[in-house]
Amino acid sequence: MLLPLSVLALTVYIASIAPQAAATTASPIHGAALFATNGCAHCHGPAGSGGDRGPDLKDLRRRMTAVQVATQIHDGGQSMPPFGDALTPQDITDLVAYLRATHKPPPPPPAPEPLPVPPPFE
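Description of the structure in this document. Not measured: the values here are computed from a predicted model.

**Quick look at the overall build of the protein chain**
Here is step 1: Of regular secondary structure, the protein chain possesses six helices and zero strands.
Here is step 2: Reading the helices (α) and strands (β) of the protein chain from amino to carboxyl end gives α-α-α-α-α-α.
Here is step 3: Counting only residues that meet the buried cut, the protein chain has 31% of its 122 residues in that class.
Here is step 4: For the protein chain, the proportion of contacts with a sequence separation of at least 24, taken over those separated by at least 6, is 57%.
Here is step 5: Total accessible area computed for the protein chain in this model is approximately 8,100 Å², and 65% of it derives from carbon and sulfur atoms.

Okay, structure coming up:
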């Protein structure tokens, strides 16, 4: 019963900052991609296990509710900068889903390097 209440609370929070986003569903896979590409991994480490600047996020589910995590991402706090202007409400919802997932999907692999273009035939 606790999980549905957390999802409901997160939906209400998201609705308060962007009403059009409340009807969407959370995607932990997209959240993993955001974590890897939007600077989260820079401070919290690639697997969220802590880095030079950010704390370990592995037990975040036990320490913070979904609404607290969304608020932290949106507004920042302590030494974390706010990301409310850089991320959409759906992005924040997806990051929260990823961070609170029991079995987190691995971050996506980095984009492949473009193949070199062969010289034209003469």
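**What about the packing of helix H2 (residues 28-37) against helix H6 (residues 89-100)?**
Here is step 1: Between H2 and H6, the shortest axis-to-axis distance is 7 Å and the interhelical angle comes to 95 degrees. Compared by their axis directions, H2 and H6 come out roughly perpendicular. The segment H2 lies against H6, with Pro 28, His 30, Gly 31, Ala 32, Leu 34 and Phe 35 engaging Asp 91, Asp 94, Leu 95, Ala 97, Tyr 98 and Leu 99.
Here is step 2: Taken together, the residues of the contact of H2 with H6 break down into eight nonpolar, two polar and two charged.

**Describing the pattern of salt bridges**
Here is step 1: Following the criterion strictly, the structure yields one salt bridge and no others.
Here is step 2: Close ionic contact of Arg 63 with Asp 59 constitutes a salt bridge, the shortest N to O distance being 2.9 Å.
Here is step 3: Classification of Asp 59 by relative accessible area gives partly exposed; the value is 31%.

**Here's the deal with the nonpolar core**
Here is step 1: Counting 16 residues, the largest nonpolar core has Phe 35, Val 69, Ile 73, Ile 92, Leu 95, Val 96 and Leu 99 as the members making the most contacts within it.
Here is step 2: At the level of secondary structure, the elements contributing two or more residues to this core comprise H2, helix H5 (66-75) and H6.

Criteria and thresholds
- Residues numbered from 1 in each chain as written.
- Predicted model: local features only at pLDDT ≥ 70, side-chain atom pairs only at ≥ 80, totals over all residues.
- Heavy atoms only, no water.
- Helix = DSSP H or I, 4+ residues; strand = E, 2+ residues; numbered from the N terminus.
- Buried < 20%, exposed > 50% of the residue type's maximum accessible area, 1.4 Å probe, protein only.
- Contact = heavy atoms within 4.5 Å.
- Areas by Shrake-Rupley, 256 points an atom, 1.4 Å probe, with all protein chains shown as cover.
- Axes fitted to C-alpha atoms, helices over the stretch in contact; angles between N-to-C directions.
- Parallel < 35°, antiparallel > 145°, perpendicular 65-115°, else oblique.
- Nonpolar A, V, L, I, M, F, W, Y, C, P; charged D, E, K, R; others polar.
- Salt bridge = Lys/Arg side-chain N within 4 Å of Asp/Glu carboxyl O.
- Core = buried A, V, L, I, M, F, W, Y, C linked by side-chain atoms within 4.5 Å.

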